[in-house]
Amino acid sequence: MLARLKTFTLLGIDAISVDCEVDISSSAMPKTILVGLPDAAVKESTHRVERAIVNSGFVKPQERVVINLAPGDLPKQASSFDLPVALGVLAASGQISLEKFDQYAVVGELSLEGITRSVKGVLSMAIEASLFKKKRGFVVPRQNAYEASVVEGLDVIPVDSLAQAAGFFASEIEIDSTPSSVNLIFEQFGQYDVDYQDVRGQESAKRAMTIAAAGSHNLLMMGPPGSGKTMLAKRMPSILPALLATESIETTRIYSVLGQLPKDQPLLARRPFRSPHHTISNAGLVGGGNPPSPGEISKAHHGVLFLDEIPEFNRKTLEVMRQPLEEHSVTISRALRSTKFPADFMLIAAANPCPCGFRGDQRRPCHCTPAQTQNYMSRISGPLLDRIDLQIEVPAVTYDELESQLPEGLSSKTMREAVDSAREVQHSRFKMNNTRYNSQMSSREIRFYCKLNPPCRQLLRHSVETLGLSARAHDKIIRLARTIADLDSCGHIEEHHLAEAIGYRSLDRTHHP
């Protein structure tokens, strides 16, 4: 007798539908055969499934069992096939009915006693399941039901055990579907517990952070230890626009596939903030492995990637970010196939001005030689600096600023209101294009949306020729000036907008006489 169920496997962060076919036929010797390019974890599932069937009160077939996971040329990973295989064996051996198999997709891992265990990537699987018009719902372990329920139009059936799942498919018990609670999740987890009002002084740095957030520009902060660079960076998500539901699902899929979703939070409600250590490897930063898995730049999708002490990172590791910074995605290629991961993030980096950190500090002497300082800063390549729109200095905070009784500086709420206003202007500007932010404008869009008057052209010419700025830096200055003008609610780029944008290109200048 043949039984067929719909289940899923993961390829990168995408779910691929798999037909789980189980055929039982008479044979002199009981034997279980698993085909369909299963990996070691899937092959081992036959032993788990056999004991789960027996320990759940069912009868193990004493015949020839052939399990096929189609398509046969697609490698199958993970242990999410346990539950569909077990249900297929029970149906093929006549112990439960086949009637509901056409209505539901199934995933889940089983313990030896038949209890279901959570699996990775359920959100991607639920999205794929919702595309099948003939499928009413999705049967998942109870631990994954809350996560799968965020997908609308899909009945998510939570099960605690193989026996319960068998009872559901045999129509012996009714199980209520898990209701969706997306709005409640955003209300409960969408608030930030940090505020720019906590940062004393550094009002000019806050201005730069506002500009960066408004146009989704990359930013580098240079300053001595303890000047507040990390505090400024950690508060960046608090001034970015609220995470949209579509953006949240895109980012949550990455964490779901990695099994790194926060406990009792099936959907990310805040923009991610990732801060990897400087010892991170290439694969850890951009993704890799076999099979490929997402790296830190993908975990920061729709959020912020903060590289503290960027000169301490391996230079080759930093260089692999150059393409993702331009393309907003990363492709990991292997011999048989390539996998594409999203990587639309804001890069914020911080660095000391020299190895000791005190160059330019009026209170503490710097003992670094010019050669040591130059060697330290040369760890950040020119092409990478070209891709960073704002390069600012964050000076040490004085005692008077720390103890000042004057009203506190800009708050996250005030800065976010300015950012939201500028983003609305960009939304109206690019509503007919694929571009979303000023930082993503192509050269053609720059010529169309960023027309410069003669004084602005003369100022830009002087800057490019005397400061040795590259063609990429030229375009980034114009994009940045467009964002500054948007913050000022100005339809045209004025000379002072351009002058401010040029002032933020402080580190990639070749000081011509």
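Residues numbered from 1 in each chain as written. Predicted model: local features only at pLDDT ≥ 70, side-chain atom pairs only at ≥ 80, totals over all residues. Heavy atoms only, no water.

Peer 1: With reference to specific residues and values, describe the sheet that holds strand 18 (residues 390-393).
Peer 2: Spatially, five strands are ordered 11-14-17-10-18 in an open sheet, and the strand pairing comes out parallel. Either end of the sheet is taken by a strand with one partner, and the two such strands are strand 11 (273-274) and strand 18. The pairing of strand 14 (residues 304-307) with strand 17 (residues 346-351) spans four bridges and is classified as parallel. Considered in strand 17, the bridge of Leu307 is made with Ala349. Against the sheet, helix 7 (residues 203-215) touches strand 10 (219-222), strand 17 and strand 18, its axis set at about 170° to strand 18. (Pairing = 2+ DSSP bridges. Helix = DSSP H or I, 4+ residues; strand = E, 2+ residues; numbered from the N terminus. Contact = heavy atoms within 4.5 Å. Axes fitted to C-alpha atoms, helices over the stretch in contact; angles between N-to-C directions.)

Peer 1: Outline the pattern of salt bridges, listing residues and values.
Peer 2: Under the definition given, this model contains 26 salt bridges. The closest approach of N and O atoms between Asp389 and Lys476, which form a salt bridge, is 3.5 Å. In this pair, Asp389 sits in the loop between helix 15 (382-386) and strand 18 while Lys476 sits in helix 20 (residues 471-487), placing the two residues 87 residues apart along the sequence. Across the pair, exposure class does not vary: Asp389 and Lys476 are buried alike. What emerges from the salt-bridge pattern is a single network uniting Glu326, Asp386, Arg387, Arg472 and Arg505. (Salt bridge = Lys/Arg side-chain N within 4 Å of Asp/Glu carboxyl O. Buried < 20%, exposed > 50% of the residue type's maximum accessible area, 1.4 Å probe, protein only.)

Peer 1: Could you give an account of the packing of aromatic side chains, with specific residues and numbers?
Peer 2: The way to describe two aromatic rings as a pair is by their centre distance and the angle between their planes. Counted by the stated rule, this structure contains nine aromatic pairs. Measuring from ring centre to ring centre gives 5.6 Å for Phe168 and Phe169, while their planes differ by 80°; the resulting arrangement is edge-to-face. On the basis of relative accessibility, which here comes to 1%, the residue Phe169 falls in the buried class. Among the aromatic residues, ring-to-ring pairing joins Phe101, Tyr104, Phe168 and Phe169 into one connected group. In this arrangement the basic side chain of Lys100 is found over the ring face of Phe168, its NZ or CZ atom lying 4.1 Å from the centre. For the cation-ring pair, Arg429 lies above Phe430, with the distance from its terminal atom to the ring centre recorded as 5.7 Å. (Phe/Tyr/Trp six-rings, centres within 6.5 Å; stacked < 30°, edge-to-face > 60°. Lys NZ or Arg CZ within 6 Å of the ring centre and 35° of its normal.)

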